[in-house]
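Summary of structural features
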Amino acid sequence: MTDSSFEAEKIELYKEVHLRSKKELSDDEKIPFLEKKRRSKWMQLGLNLAIIFLFIYMYSNGLTTFGDWFYYLLFGIFSLNLVLIYFQVKQINVLIQHIQTEQERGFKA
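In this text, all values refer to a predicted model and were calculated from it rather than measured experimentally.

Under the definition given, this model contains five salt bridges. One salt bridge in this structure joins Lys15 and Glu12, with 3.8 Å as the shortest N-O distance. With Lys15 and Glu12 both in helix H1 (residues 3–19) and three residues apart, this pair spans about one turn of that helix. Classification of Glu12 as partly exposed rests on a relative accessible area of 37%.

Structure representation (structure tokens):
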């Protein structure tokens, strides 16, 4: 498998995952949809960070009666969620860049 076919498969997978039913839209309609989705992911990232900081604050000040294991579990879950959302944002950025590059080269969907 060549690098270009691997890249093409990766882009197709990103389109399938992030565009789903919007895959048949024109390129001019896909980009605003993906930008809106990217903003949504950034908001999810911020919300997850706020929740982590809230739990750190609660844990450090002893505001609840939960055990230490509970806070470690929540911290682990929300940290994993942060990583996964970050990778989704990167994939959306790659997809937007690919669509814009195709538009500049004259390819239309």
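Right, let's talk about helix H2 (residues 27–61) for a bit. The end-to-end C-alpha separation of H2 is 51 Å, in line with the 51 Å expected for 35 residues at 1.5 Å each. Along H2, the residues that are buried comprise Asp27, Lys30, Ile31, Leu34, Lys41, Leu45, Asn48, Ile52 and Met58. Just beyond H2, the residue with positive phi is Gly62, at close to 65°.

Cut-off values and rules
Residues numbered from 1 in each chain as written. Predicted model: local features only at pLDDT ≥ 70, side-chain atom pairs only at ≥ 80, totals over all residues. Heavy atoms only, no water. Salt bridge = Lys/Arg side-chain N within 4 Å of Asp/Glu carboxyl O. Helix = DSSP H or I, 4+ residues; strand = E, 2+ residues; numbered from the N terminus. Buried < 20%, exposed > 50% of the residue type's maximum accessible area, 1.4 Å probe, protein only. Expected span 1.5 Å × (residues − 1).

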